[in-house]
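# Structure at a glance
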Amino acid sequence: MTTIREGNLEFAFGASWEVLKYDEPGGFYKTLLLKKVGATKAVDFLCLRDADPLLLVEVKDFSRGVPGKEKYDVLPVTVTRKVRDTIAGVVGGRHTAGPHGRPLFTHALGKLSNPPRVVYFFEDLATPARRSRERTDNKRDVLLKKLKGHLRWLTSDIMVVGLDNYRLFIRDLTVRRV
C-alpha cells in the first residue's frame, strides 16, 4: 500500500498500484525538469496498474474556502497545462531519471501506447449546509465538459471526482480528510 498526503487529503493506494507523487520535493520533476526548464507544471500523481491506462491525477482541495470565480474559470486550462507538461516529463524521465525512477517512467511511457486517464480530484465546500448536492454536481459537470474540450488532443478518458464519488471510478483507493 502507498499512502500519500496532498493538502488535507490522504490517498491510500492498494498494493495493485504503482504510484509516484510526481511533483514531490527531491523528485525528478522538481530537481531536473523544473530546475532546468523553468515554467513547467506537473500533476500530483502518476498512477500505474497493470490492466489500467496511465492515470494522471490532479488534486485540488478547496475545502478551506471556495476559490474566486476567476480562479475557478482558469482551472481547466491549468489542469490541461499540467497534464501536457507531465506527459513531456514522462518521456524525459524515461531517458534521464535516476535508477530509482527510470523503471516507473519506462512503465508509464509504455502505457502511453493507449490514451491516459486524467482524474481531477476536486473537493470543495459541498456540504448540505453550504451548497446543495445538485449545485456541486453541476460544478463538476461544467469542469468535466471544459476539461474534455481542452484535453481532446490527448484523451477522452477524463473524470472529475470528489470524496463522495471517487470509488465509482477508481478501484483499490481510499481517500480521507486528515
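Here the structure is shown first, and the text comes after it.
Residues numbered from 1 in each chain as written. Predicted model: local features only at pLDDT ≥ 70, side-chain atom pairs only at ≥ 80, totals over all residues. Heavy atoms only, no water.

## Digging into the pairing of strand S4 (residues 45-48)
Side chains of S4 alternate between two faces, with Phe45 and Cys47 and Leu46 and Leu48 buried alike. As defined by bridge partners, strand S3 (residues 18-21) adjoins S4 across four bridges and the pair is classed as antiparallel. Directly across from Glu18, in S4, lies its bridge partner Leu48. For S4 and strand S5 (residues 55-61), the ladder comprises three bridges, and the chain directions are antiparallel. Bridging from a neighbouring strand, Leu46 pairs with Leu56 of S5. Counting the residues between successive antiparallel strands, the hairpin from S4 to S5 contains six residues. (Buried < 20%, exposed > 50% of the residue type's maximum accessible area, 1.4 Å probe, protein only. Helix = DSSP H or I, 4+ residues; strand = E, 2+ residues; numbered from the N terminus. Pairing = 2+ DSSP bridges.)

## Topic: helix H1 (residues 28-37)
Within H1, the full set of buried residues consists of Phe28, Tyr29 and Leu33. Looking straight down H1, one finds its buried side chains confined to an arc of 75°; they lie on one side. One or two positions beyond H1, positive phi appears at Gly38, with a value near 95°. (Arc of directions from axis to C-beta.)

## Considering the environment of Leu75
Structurally, the position occupied by Leu75 is in helix H2 (residues 69-96). On a C-alpha basis, the gap between Leu75 and Leu147 in space is 8.8 Å, while along the polypeptide they are 72 residues apart. If near-sequence neighbours (up to four positions away) are discounted, Leu75 is found in contact with Phe62, Tyr120, Phe122 and Leu143. (Contact = heavy atoms within 4.5 Å.)

## A look at the layout of surface pockets
Quantified by volume, the largest pocket comes out at close to 160 Å³. Leu20, Gly27, Phe28, Gly101 and Phe105 are the residues nearest the centre of the largest pocket, which is lined by 14 residues in total. Taken together, the elements giving at least two residues each to the lining of the largest pocket come down to S3, H1 and helix H3 (102-111). The class makeup of the residues in the lining of the largest pocket is eight nonpolar, four polar and two charged. (1 Å grid on protein atoms, 1.4 Å probe; cavity = no way out; pocket = protein on both sides within 12 Å on 5 of 7 lines; lining within 4 Å. Points joined across faces, edges and corners; volume = space filled by probe spheres on them. Nonpolar A, V, L, I, M, F, W, Y, C, P; charged D, E, K, R; others polar.)

## What to know about the packing of aromatic side chains
What the rule picks out here adds up to ten aromatic pairs. Taken together, Phe11, Phe13, Trp17, Phe45, Phe121 and Tyr166 form an aromatic cluster joined through their ring pairs. (Phe/Tyr/Trp six-rings, centres within 6.5 Å; stacked < 30°, edge-to-face > 60°.)

## So, the side chain of Glu6
Turning to its location among the elements, Glu6 is positioned in strand S1 (residues 2-6). A distance of 2.7 Å separates a polar atom in the side chain of Glu6 from a polar atom in the side chain of Lys21. What Glu6 contacts, discounting residues up to four positions off in sequence, is Phe11, Lys21, Asp44, Phe45 and Val59. (Polar contact = N/O pair within 3.5 Å; in protein donor to acceptor, adjacent residues only side chain to side chain.)

## Points about the sheet that holds strand S2 (residues 9-13)
Spatially, S1-S2-S8 is the arrangement adopted by the three strands of the open sheet, whose pairing is antiparallel. At either margin of the open sheet sits one strand with a lone partner, and together these are S1 and strand S8 (173-177). The sheet shows a mean angle of 20° between the axes of neighbouring strands, direction not considered. Bridge count for S1 against S2 is five bridges, and the pairing is antiparallel. What sits directly across from Thr3, in S2, is Ala12. (Axes fitted to C-alpha atoms, helices over the stretch in contact; angles between N-to-C directions.)

## Details of the environment of Asp61
Its location among the elements puts Asp61 in strand S5. Separated by 53 residues in sequence, Asp61 and Asn8 have C-alpha atoms that sit 7.2 Å apart. Apart from residues no more than four positions distant in its own chain, Asp61 is found in contact with Asn8, Leu9, Glu123 and Arg177. Separated by 3.4 Å, the side chains of Asp61 and Arg177 make a polar contact.

## Re the nonpolar core
Generally speaking, a soluble globular protein has its nonpolar side chains buried in company with each other. In this structure, Tyr22, Leu46, Leu56, Val83 and Tyr120 are the most contacted members of the largest nonpolar core, which totals 29 residues. Examining the composition of this core, we find that five residues originate from one element, H2, more than from any other. Excluding anything up to four places from it in sequence, Tyr22 contacts Phe28, Tyr29, Leu33, Ala42, Val43, Asp44, Phe45, Leu46, Thr86, Gly89, Val90 and Phe105. In terms of nonpolar packing, the next biggest core, distinct from the first, is built from 19 residues, Cys47, Val119, Val161 and Ile170 among them. (Core = buried A, V, L, I, M, F, W, Y, C linked by side-chain atoms within 4.5 Å.)

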